[in-house]
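Chains, contacts and geometry: an overview
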Amino acid sequence: MKNFNDIYEVLYKEHNNKLEKSRKEILKENIITSIISMILGFILIIITHSTIFFVCALIIIFLKCVFSKKGKMYRTIFKKEIIKTLVKEYDNNLDFNAERGIASIIYNKGEFERYDLFTSEDLITGNLEGKYKINMAEVHTEEERKDSDGDTHYYTLFHGLFAKIELDETIFAKLKLRKNALKLFGGNNNRVELDSSEFEKIYDVYSTDKIVAMQLLTSDVMQMFIDFKEKYKIIPELTLKENELYIRFETGNLFEAKVIKNAL
C-alpha cells in the first residue's frame, strides 16, 4: 500500500494540465451561457412583466451546466483516469467502477435507517491488504414526505461512503455505533454505557453482549474515533456482526470532479 502523497504527486504531474484545460473550457462556457440567459431573462421580464421567464432561464442555466457534453466528458475523465488510478495505486487488489453501485440488500444488512429511495454509484471492490473482502460505494438514501397540498418531496437521510468488509475473525455478538440522537433502525434495545464521557457525547452504543462491546471498545479505540471526528469533522457509524463490518461516512459526493476549482 503506497503513501497517499506519493500517489497524489504522480496523478498531479500526469493529469493536472489536461484536467485544468478541460475544466477552464467548461467554466468559461458556463459563465457565457449564464450571462446570456440572465440578460434574456431580464429583457423578457421587462417586456412581459412576468418573472416566469427569468425562472425558466435559471433552470436552463442549471441544466446546461450539469448536462453539457464537455461537462460529461470532464467528469468521465476524472473518474476513469483519476479515481480509478488512485484506488488501484492505493491497493492493487482494489478495483473502481463508476457505472456500478452497491446493492441495497447489502446496505440494509448494516441496519442503519429506513428509507424510501436508494441510489448508489462509484463501486470499489476487491481485497483490502490482500485479505479483507470489501464492497464500498457512494450511497444516497432519501425519505418521501407529502406536504399539506399532497405534493411529494424527498429529503436526504444519508449521503456518503458505505462499505461492507468481511473480517477473518468471527464475533459472536452484534455491535452498533450510532451518532447521538439518531433513531435506531430496529429499535433502541441493548444500549451499552461506556466509561468515556467524551465518546458518549458522540456515540450511542448498542450490543447484544455488553462484555464483548467493552472488550472491543477499549479506551484507545474510543480515542481513535474521537480523534478522527476532531480531525476530519466526520463521525463514522458502524455495525459489526459475526465476521461482517458495515461502516459509513457522511461525505456527500466524494468522487465528483469540481468545476469551480481545481479538481485535484
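Residues numbered from 1 in each chain as written. Predicted model: local features only at pLDDT ≥ 70, side-chain atom pairs only at ≥ 80, totals over all residues. Heavy atoms only, no water.

1. Observations concerning the environment of E242
Inspection of the secondary structure puts E242 in strand β7 (residues 237-250). For the pair formed by E242 and E166, sequence separation is 76 residues and the distance between their alpha carbons is 9.3 Å. If we skip the residues at most four places from it in the chain, E242 touches E169, T170, I171 and A173. (Helix = DSSP H or I, 4+ residues; strand = E, 2+ residues; numbered from the N terminus. Contact = heavy atoms within 4.5 Å.)

2. Section: the packing of aromatic side chains
Taken as a whole, this structure holds 16 aromatic pairs when the rule is applied. Between Y203 and F225, the ring centres sit 5.6 Å apart and the planes meet at 85 degrees, which makes this aromatic pair edge-to-face. Remark: F225 occurs in helix α7 (residues 219-232) and Y203 occurs in strand β6 (residues 203-207); sequence separation between them is 22 residues. Judged by relative accessible area, which is 1%, Y203 ranks as buried. Plain terms: the ring middles of F228 and F249 are 5.9 Å apart, the flat faces sit at 50 degrees to each other, and that makes the pair tilted. Highlighted residues: F228 in helix α7 and F249 in strand β7, separated in sequence by 21 residues. Note on F249: relative accessible area 21%, which makes it partly exposed. Through pairs of rings, three or more aromatic residues link up here, namely Y107, F112, Y115, F118, F158, F162 and Y246. A cation over a ring is seen here: R145 above Y155, with NZ or CZ 4.2 Å from the ring centre. The ring of F158 carries R248 above its face, with NZ or CZ at 4.4 Å from the centroid. (Phe/Tyr/Trp six-rings, centres within 6.5 Å; stacked < 30°, edge-to-face > 60°. Buried < 20%, exposed > 50% of the residue type's maximum accessible area, 1.4 Å probe, protein only. Lys NZ or Arg CZ within 6 Å of the ring centre and 35° of its normal.)

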